[in-house]
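# Results of the structural survey
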2 protein chains.
Amino acid sequence: MGIELRRPERTFSIRQLCLEFKCTPRALRFYEDKGLLAPARQGLNRVYSYKDRARLQLILRGKRVGLSLAEIREILQLYGKEDGAAAQNAKALAKFRARIVVFEQQREDIDHAIAELTSACARLEELLAETHPELLTAEPAVAPGVHARPGARDLAVAKHH
Amino acid sequence: MGIELRRPERTFSIRQLCLEFKCTPRALRFYEDKGLLAPARQGLNRVYSYKDRARLQLILRGKRVGLSLAEIREILQLYGKEDGAAAQNAKALAKFRARIVVFEQQREDIDHAIAELTSACARLEELLAETHPELLTAEPAVAPGVHARPGARDLAVAKHH
DNA sequence: TGGAACGTTGACGTTTGCGTCAACCTAAAT
DNA sequence: ATTTAGGTTGACGCAAACGTCAACGTTCCA
């Protein structure tokens, strides 16, 4: 039939999204409880649209930069309603600006941290080279070009202990 | 007499550090409990040296970039003992490198976030300018309240609920 | 016909990072 | 002598962000 299964119409099961984004069903349901997601239902089952997937991406990015779920929800809400009460928009503007400032501070902190860790690595490498060269794993730097892709192979999220 | 009271010899009370770094005594004691700080004592009272202050700075920076206290402690420990078991140093090296990778990912995320919020701000400004220009506070940058995150009411500015 | 595989809703447990008393000491100022 | 302004150690409380069962419903498929 003529129905094209192009990407924008695709839907996702909870597990598909979890595999793609390395998280657990529990987490997605939790985000839903907290009002960050609202997938459609097919009977009882959740059905995630492309828009839901995009939201999830934003949520996870937000988390990685240290936002709380409450803050993320706020931002998502403000994002959606560009109309409505203008006073709300003014408040949104202020909040956004404030967040930008915080982010810039954070970037500075991260640059600091990277610099310090890098020099610490250099010192450690020297030290090891002198005393126990056999322990040098011979990986002097981060593999260039390759963004640390976790390589989703299993459905169980392995933890580091 | 010849004794110079240069900075390196200065010591700090718990409150002084709290004021300087916008945190609470409770937090500092907590960090101590967790093995991140170990100030000298004068009777019962804690006396923080310049080195302690530096450690505190690192701790807070670590927190701001999303490290857990446990991770920060690990880093601080590895920092202090450049000798000792070489195998430990090798592990430290690996961990540091891994953290650097995470940090670089984080920086990317933050740049993303800043970009998105900035464009959102621009859109909001336009929208407000058209519909309710009187709400434009004409503060293109930040105004109030130093950026300290939650709570901190012990000796900081009173906050909204 | 039944058992994987996938989904659902509770509900309780856990860790982290402190806040918040309470009860007490102690040196300095009044 | 007593208030005041700092400090101390417990001990309990709490919110965030899930993990971890338990008990149960579908659908497919050999």
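You'll find the structure just up there.
Described below are features of the structure shown in this document.

What counts as what
- Residues numbered from 1 in each chain as written.
- Chains lettered and ligands numbered in written order.
- Predicted model: local features only at pLDDT ≥ 70, side-chain atom pairs only at ≥ 80, totals over all residues.
- Heavy atoms only, no water.
- Helix = DSSP H or I, 4+ residues; strand = E, 2+ residues; numbered from the N terminus.
- Buried < 20%, exposed > 50% of the residue type's maximum accessible area, 1.4 Å probe, protein only.
- Contact = heavy atoms within 4.5 Å.
- Areas by Shrake-Rupley, 256 points an atom, 1.4 Å probe, with all protein chains shown as cover.
- Near = heavy atom within 4 Å.
- Polar contact = N/O pair within 3.5 Å; in protein donor to acceptor, adjacent residues only side chain to side chain.
- Nonpolar A, V, L, I, M, F, W, Y, C, P; charged D, E, K, R; others polar.
- Arc of directions from axis to C-beta.
- 1 Å grid on protein atoms, 1.4 Å probe; cavity = no way out; pocket = protein on both sides within 12 Å on 5 of 7 lines; lining within 4 Å.
- Points joined across faces, edges and corners; volume = space filled by probe spheres on them.

## Digging into the overall build of chain A
Helices and strands together make up the secondary structure of chain A, namely 5 helices and 2 strands. Mapped in sequence order, the helices and strands of chain A form the string α-α-β-β-α-α-α. Out of the 161 residues in chain A, the part that is buried amounts to 32%. Sequence-distant contacts in chain A: of pairs separated by 6 or more residues, those separated by 24 or more amount to 48%. Accessible surface for chain A amounts to roughly 10,700 Å². Of this, 56% is attributable to carbon and sulfur atoms.

## Overview of the protein's contact with DNA strand D
Near DNA strand D, the surroundings consist of 17 residues, among which T24, R26 and K63 of chain A together with R15 and R46 of chain B are the closest. Near the protein, within 4 Å, the atoms of DNA strand D are sugar or phosphate in 67% of cases. Contact between DNA strand D and L69 of chain A: a phosphate oxygen at 3.0 Å from a main-chain N or O atom of the residue. Those elements giving two or more residues to the surface near DNA strand D turn out to be α2 (25-33) of chain A together with α1 (14-21), α2 (25-33) and β2 (45-47) of chain B. If you tally residues by element for the surface near DNA strand D, the top one is α2 of chain A, at 4 residues. When grouped by side-chain class, the residues that make up the surface near DNA strand D number 6 nonpolar, 4 polar and 7 charged.

## Let's talk about helix α1 (residues 14-21) of chain A
Residues and elements named next belong to chain A. Taken together, the buried positions of α1 are occupied by I14, L17, C18 and F21. The buried residues of α1 occupy an angular sector of 100° when the element is viewed end-on, so they sit on one face. Summarising the contacts, the buried residues of α1 are in contact with α2, β2 (45-47) and α3 (50-64). At the exit of α1 stands K22, carrying a positive phi of roughly 55°.

## Comments concerning the layout of surface pockets
Residues and elements named next belong to chain B. Estimated volume of the second largest pocket: approximately 210 Å³. Forming the boundary of the second largest pocket are K51, A54, R55, Q57, L58, R61, L76, Y79 and G80. When contributions to the lining of the second largest pocket are tallied by element, the ones reaching two or more residues are α3 (50-64) and α4 (69-80). Residue contributions to the lining of the second largest pocket peak at 6 residues, all from α3.

## Looking at empty space enclosed by the protein
The final tally for this structure, using the stated rule, is 5 cavities of 30 Å³ or more. What the largest cavity holds in volume is close to 230 Å³. Around the largest cavity, the lining comprises 15 residues; the ones closest to its centre are L58, L67 and I75 of chain A together with A113 and E116 of chain B. Taken as a whole, the second largest cavity spans an internal volume of roughly 200 Å³. Going through the elements one at a time, α5 (86-131) of chain A together with α3 and α4 of chain B are the ones with two or more residues in the lining of the second largest cavity. Considering only residue class, the lining of the second largest cavity consists of 10 nonpolar, 1 polar and 3 charged.

## Considering the protein's contact with DNA strand C
For DNA strand C, the set of nearby residues contains 19 residues, the closest of which are R15, R29 and R46 of chain A together with T24 and K63 of chain B. When atoms of DNA strand C within 4 Å of the protein are split into backbone and base, the sugar-phosphate part holds 67%. The separation between a phosphate oxygen of DNA strand C and a polar side-chain atom of R41 of chain A is 3.1 Å. Here K63 of chain B contributes a side-chain N or O atom positioned 2.5 Å from a phosphate oxygen of DNA strand C. Put simply, the parts of the chain that give the surface near DNA strand C at least two residues each are α1, α2 and β2 of chain A together with α2 of chain B. Among the elements that line the surface near DNA strand C, the one with the most residues is α2 of chain B, at 4 residues. Across the surface near DNA strand C, the residue classes break down as 7 nonpolar, 4 polar and 8 charged.

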